[in-house]
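Coordinate analysis (summary)
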Amino acid sequence: MTAVDADSESTRAQVRLLALLPHDRNWLAAITQFPGTLFFNISTLAALAHNSTAKQEDRRVWRPDLYGSTLFLVASVFAILAI
């Protein structure tokens, strides 16, 4: 998908929905951000489900999630390197 030159730009390429592309930085950014999104959603849902007061909700919901934040930062590095 990323290796395009003057000879191959007009030829059709087969679409691969599930492909392992560990050297493609765009793919690495996407595959890293996906679990980060899941971590954020799960932690937010758990915090909302277990809170009963507004003070507890402010403390637990808005506290950054360590795993999600780390994965988002790593995905951002891959995305910047892809550019």
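Residues numbered from 1 in each chain as written. Predicted model: local features only at pLDDT ≥ 70, side-chain atom pairs only at ≥ 80, totals over all residues. Heavy atoms only, no water.

Here we take up the overall build of the protein chain. Summing up its helical and strand segments, the protein chain has three helices and zero strands in all. Within the protein chain, residue pairs in contact and separated by at least 24 positions form 65% of the contacts whose partners lie at least 6 positions apart. Carbon and sulfur atoms form 63% of the exposed surface of the protein chain, whose accessible area is close to 7200 Å². (Helix = DSSP H or I, 4+ residues; strand = E, 2+ residues; numbered from the N terminus. Contact = heavy atoms within 4.5 Å. Areas by Shrake-Rupley, 256 points an atom, 1.4 Å probe, with all protein chains shown as cover.)

Attention shifts here to a nonpolar patch on the surface. Nonpolar side chains collect at one region of the surface, where F34, L38 and I42 lie side by side and expose about 310 Å² of accessible area between them. Topologically, L38 is positioned in helix α1 (residues 25-50). Given the relative accessible area of 38%, L38 is considered partly exposed. (Patch = residues over 30% accessible without salt bridge, like charges linked within 9 Å, V, L, I, M, F, W, Y side chains within 5 Å. Salt bridge = Lys/Arg side-chain N within 4 Å of Asp/Glu carboxyl O. Buried < 20%, exposed > 50% of the residue type's maximum accessible area, 1.4 Å probe, protein only.)

Glancing now at the packing of α1 against helix α3 (residues 66-82). Here α1 crosses α3 at 160°, and the two axes come no closer than 8 Å. In terms of orientation, α1 and α3 fall into the roughly antiparallel class. Considering how the two elements wind past one another, α1 and α3 form a crossing that is left-handed. Where α1 approaches α3, its residues R25, N26, L28, A29, T32, Q33, P35, G36, T37, F39 and F40 are matched on the opposing element by Y67, G68, S69, L71, F72, V74, A75, F78, A79, L81 and A82. Looking at the contact of α1 with α3 residue by residue, the classes come out as 14 nonpolar, seven polar and one charged. (Axes fitted to C-alpha atoms, helices over the stretch in contact; angles between N-to-C directions. Parallel < 35°, antiparallel > 145°, perpendicular 65-115°, else oblique. Left-handed = near helix turned anticlockwise from the far one by under 90°. Nonpolar A, V, L, I, M, F, W, Y, C, P; charged D, E, K, R; others polar.)

Because the α-helix completes a turn every 3.6 residues, residues three or four places apart line up on one side. Its 26 residues place the ends of α1 38 Å apart at the C-alpha level, agreeing with the 38 Å of an ideal helix rising 1.5 Å per residue. Buried within α1 we find L28, A29, T32, G36 and A47. Structurally, the start of α1 carries an N-cap: the backbone nitrogen of N26 is 3.3 Å from a side-chain oxygen of D24. (Expected span 1.5 Å × (residues − 1). Polar contact = N/O pair within 3.5 Å; in protein donor to acceptor, adjacent residues only side chain to side chain.)

The quantities given are spatial measurements derived from coordinates; they are silent on function.
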